[in-house]
Amino acid sequence: MILNSTASRLVPVTLAAPRPSRGQLLVKVTACGVCRTDLHVVDGDLPQARLPIIPGHEIVGVVAEVGAGAESFCLADRVGIPWLGFTCGTCRFCLAGRENLCDNAQFTGCTIHGGYAEYALADSRYCFRLPTDYSDLELAPWLCAGLIGYRALRMAVDAERLGIYGFGAAAHILTQVCRYEQRHVYAFTRPEDTQAQAFARKLGAVWAGSSDDAPPCELDAAIVFAPVGALVPKALQHVAKGATVVCAGIHMSDIPQFPYSILWGERRVCSVANLTRRDGLEFIEVAQRAEVHTTPVPFALSAANEALTALREGRITGAAVLAIG
Ligand SMILES: [Zn+2]
Ligand SMILES: [Zn+2]
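Residues numbered from 1 in each chain as written. Chains lettered and ligands numbered in written order. Predicted model: local features only at pLDDT ≥ 70, side-chain atom pairs only at ≥ 80, totals over all residues. Heavy atoms only, no water.

Provide a residue-level description of the coordination of the zinc ion (ligand 1), including the pertinent values.
Only C88 (SG), C91 (SG), C94 (SG) and C102 (SG) from the protein reach the zinc ion (ligand 1) as donors, at distances of 2.3 to 2.4 Å. Around the zinc ion (ligand 1) sit 4 donor atoms, and with donor-metal-donor angles ranging over 103 to 119 degrees the site reads as tetrahedral. Since its relative accessible area comes to 22%, C88 is described here as partly exposed. (Donors = N, O, S within 2.8 Å, 3.2 Å for Na, K, Ca; no water. Tetrahedral: all angles 85-135°; square planar, octahedral: opposite > 155°, others 65-115°. Buried < 20%, exposed > 50% of the residue type's maximum accessible area, 1.4 Å probe, protein only.)

The following block contains the structure:
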């Protein structure tokens, strides 16, 4: 499924089967998660997206062909392909171990073709090995919702009482990691979304309510997954002195003006951008220990537009995933 223009709609195309270049794997895609970032690509919110593009950056599949120099993987290995598709290794961010901020990075499903397809090419150095005791559909959301959610959680450092704004794919994974780490999750959803609030409680949130509500106690940190800038000052009003409010999406509506008093007390607002390969390895390890189980909501590849619409309208409880082949 390819995006040709900013028409906000993917169209099916048939392309010749690609061959892996040096260092690449050709992967037969079995599952691809549907992430909010895909909506931003389709909606034209991301100027860096290179059209025409096949979206999708939570790819699970099996190696169908190994390019020269990519022999760290074998034919038929199960692999995960994440958002980070390439880094230069030579810019000042790469040299400082901050490859998530690389000046010359390439991103799967945004600047290089992704996984809303039967086959995908990937630089083997950015692919992950995946645990065997989970299904492909269950694992797909790990590759962005999990990895980038985990990076956001690390920015919240040792917060014991964590607010999460927007209870989608990332939050449903992170709540399980938090439960394992004995943190308390306070889940904020759209005001009328009692279904998401019940889902949050089921996964271990100690409190769930509307984003208009005040939590029952002061929070040590908050992560904002919803792409709604107005939630940033709301979160700031509920966090303690010294706390961080982490904005974890790639795009957000403007943050409204707010009084300095709600930032005072060494409160911080920051963003999370992309992931490092190290984040991925750490998350895959932690997720297994925490026995994270995602709730995939499957769609056929031909129904990719419907999956995006359902995500946009907040109709997904868990994580939308394209089941392919
Ligand atoms: Zn770089
Ligand atoms: Zn994503």
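Next, the rest of the story.
So what's going on with the environment of L46? Which residues, and what values?
Note that L46 resides in the loop between α1 (36-43) and β2 (59-66). Residues L46 and R201, spaced 155 residues apart in sequence, show a C-alpha to C-alpha distance of 33 Å. Dropping the residues within four chain positions of it, L46 is found in contact with T37, H40, V41, I250 and H251. (Helix = DSSP H or I, 4+ residues; strand = E, 2+ residues; numbered from the N terminus. Contact = heavy atoms within 4.5 Å.)

So what's going on with the pattern of salt bridges? Residues and values would help.
In this structure the tally under the stated criterion is 14 salt bridges. Residue R78 is joined to D136 by a salt bridge in which the shortest nitrogen-to-oxygen separation is 2.3 Å. With R78 in strand β3 (residues 78-81) and D136 in helix α3 (residues 136-139), this residue pair connects regions lying 58 residues apart in the sequence. Two residues, E181 and R183, come together in a salt bridge whose shortest N-O distance is 2.9 Å. Residues joined by salt bridges that share partners form a network here, namely R154, E181 and R183. (Salt bridge = Lys/Arg side-chain N within 4 Å of Asp/Glu carboxyl O.)

If you had to explain the pairing of strand β11 (residues 219-224) to someone new, which residues and values would you point to?
Counting buried positions along β11 gives 5 out of 6 residues, so the element sits mostly inside the fold. Where strand β8 (residues 161-165) and β11 come together, 4 bridges link them in parallel fashion. Across the sheet, the residue bridging to L162 is A221, located in β11. Considered for its hand, the β-α-β crossover made up of β11, helix α7 (residues 231-238) and strand β12 (residues 239-247) is right-handed. (Pairing = 2+ DSSP bridges. Right-handed = clockwise from strand over helix to strand, strands pointing away.)

Account for the pairing of strand β1 (residues 24-33), naming residues and giving values.
Here β1 lies mainly inside the structure; 7 of its 10 residues are buried. As paired elements, β1 and strand β6 (residues 119-123) share 5 bridges and run antiparallel to each other. Across the sheet, residue L26 finds its bridge partner in β6, namely L121. Sheet topology places β1 next to β2; 7 bridges connect them, and they run antiparallel. By the bridge assignment, V29 is partnered in β2 with G61. Looking at chain direction, β1 and strand β15 (residues 319-323) are connected through 3 bridges and run antiparallel. Note that in β15 the partner of A31 across the bridge is A323.

Which residues make up the packing of aromatic side chains, and what are the values?
For the coordinates displayed, the defined rule picks out 9 aromatic pairs. Ring centres of W142 and F283 lie 5.6 Å apart, and the angle between their planes is 80 degrees; this geometry places the pair in the edge-to-face category. You can see W142 sitting in the loop between α3 and α4 (145-155) and its partner F283 sitting in helix α8 (residues 277-289), a full 141 residues away along the chain. Judged by relative accessible area, which is 1%, W142 ranks as buried. Ring pairs connect the aromatic residues Y134, W142, Y150 and F283, which therefore count as one cluster. Across the ring face of F73, the terminal group of R129 is positioned such that the distance to the ring centre comes to 4.3 Å. (Phe/Tyr/Trp six-rings, centres within 6.5 Å; stacked < 30°, edge-to-face > 60°. Lys NZ or Arg CZ within 6 Å of the ring centre and 35° of its normal.)

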